[in-house]
Amino acid sequence: MSLVRLKIKGISYSQTQNGAYALILNEVEGDRKLPIVIGAFEAQSIAIALEKEIKPPRPLTHDLFKNFADRFDIVVKQVIIHKLVDGVFYSSIICERDKIEEIIDARTSDAIALALRFNAPIFTYKTILDKAGIFLKFSAKDKEKEDSDDSIMVDEILQEGETVEIDSDPTGAYKELNIEELHKELEKAVANEDYEKAAKLRDEISKRN
């Protein structure tokens, strides 16, 4: 079966499922998105790996795994999302040590969190993308800025009649802060290990730059 390479488009809070987050994967050579609902802890771990400037004072579980693997010369070569059953994605981590490859079953959120830390590519099969891949719905205003990923604001993701709204700052509180205040709040959030808030602040800072 043909493999399709994916990249991370974004991650945000799901308005439709309490405590859940939507991880959006984008095919590298195409426009389809693969939305995956993940938990709060995994969302924070992925957000920290994406935001290079956020350095947790203590290693998270996925950081610990990376440190452990480095110590024993284990390398994550790639991650493959290989199965979709009843809305649940199943993934495999392809590891290598002493030129011997091993395949480890993993939750997709954990697999992606590790792939980011090892700079490993993420793939899925074409059949899965054909089945679950979607096109994002943009407002008329957003379509005018479609060429710039940073300026695209996603109103909602439609899949099987279910809506997941994407908004990194639903209350609009961060828009009232200036850049200096945002950086202070970011430092405070990292010190308090509130990585969810830290990721949202980094999103707002990135929009201003």
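As recorded in an unreviewed UniProt entry, the chain goes by the name BFN domain-containing protein, listed as coming from Kriegella aquimaris.

S.K.: Tell me what's going on with the confidence of the model for the chain, and back it up with residues and numbers.
M.R.: Taken residue by residue, the chain gives an average pLDDT of 77. The fraction at 70 or more is 74%. Predicted confidence in the chain is weakest over strand β9 (residues 162-164), with a mean pLDDT of 34, and strongest over helix α3 (residues 108-118), with 95. Overall, residues 138-168 carries pLDDT values under 50, and its contacts beyond four positions in sequence, including any with other chains, amount to 54 contacts.

S.K.: An account of unusual backbone geometry is needed here, citing residue identities and associated values.
M.R.: In this structure, Asp86 is a non-glycine residue whose phi angle is positive, near 55°. Examined against the element boundaries, Asp86 turns out to sit in the loop between β4 (75-85) and β5 (88-97).

S.K.: Outline the pattern of salt bridges, supporting the account with residue identities and numerical values.
M.R.: Here the structure, examined in full by the defined rule, presents 11 salt bridges. Measuring nitrogen to oxygen at the nearest pair gives 4.0 Å for the salt bridge that ties Glu96 to Lys77. A residue pair is termed long-range when its members are at least 10 positions apart, and Glu96 in strand β5 and Lys77 in strand β4 qualify at 19 residues. Owing to a relative accessible area of 25%, Glu96 belongs among the partly exposed residues under this scheme. Residue classification places Lys77 among the partly exposed positions, given a relative accessible area of 37%. A salt bridge links Asp130 to Lys126, with the shortest nitrogen-to-oxygen separation between them at 3.0 Å.

S.K.: Help me get a handle on the pairing of strand β3 (residues 33-39), residues and values and all.
M.R.: Buried residues dominate β3, accounting for 5 of its 7 residues. Of the pairings in the sheet, the one linking strand β2 (residues 20-27) to β3 comprises 7 bridges and is antiparallel in character. If you follow Leu25 over to β3, its bridge partner there is Leu34. Turn length for the β2-β3 hairpin, with the two strands adjacent in sequence and antiparallel, is 5 residues.

Conventions we followed
Residues numbered from 1 in each chain as written. Predicted model: local features only at pLDDT ≥ 70, side-chain atom pairs only at ≥ 80, totals over all residues. Heavy atoms only, no water. pLDDT = per-residue confidence, 0-100. Helix = DSSP H or I, 4+ residues; strand = E, 2+ residues; numbered from the N terminus. Contact = heavy atoms within 4.5 Å. Salt bridge = Lys/Arg side-chain N within 4 Å of Asp/Glu carboxyl O. Buried < 20%, exposed > 50% of the residue type's maximum accessible area, 1.4 Å probe, protein only. Pairing = 2+ DSSP bridges.

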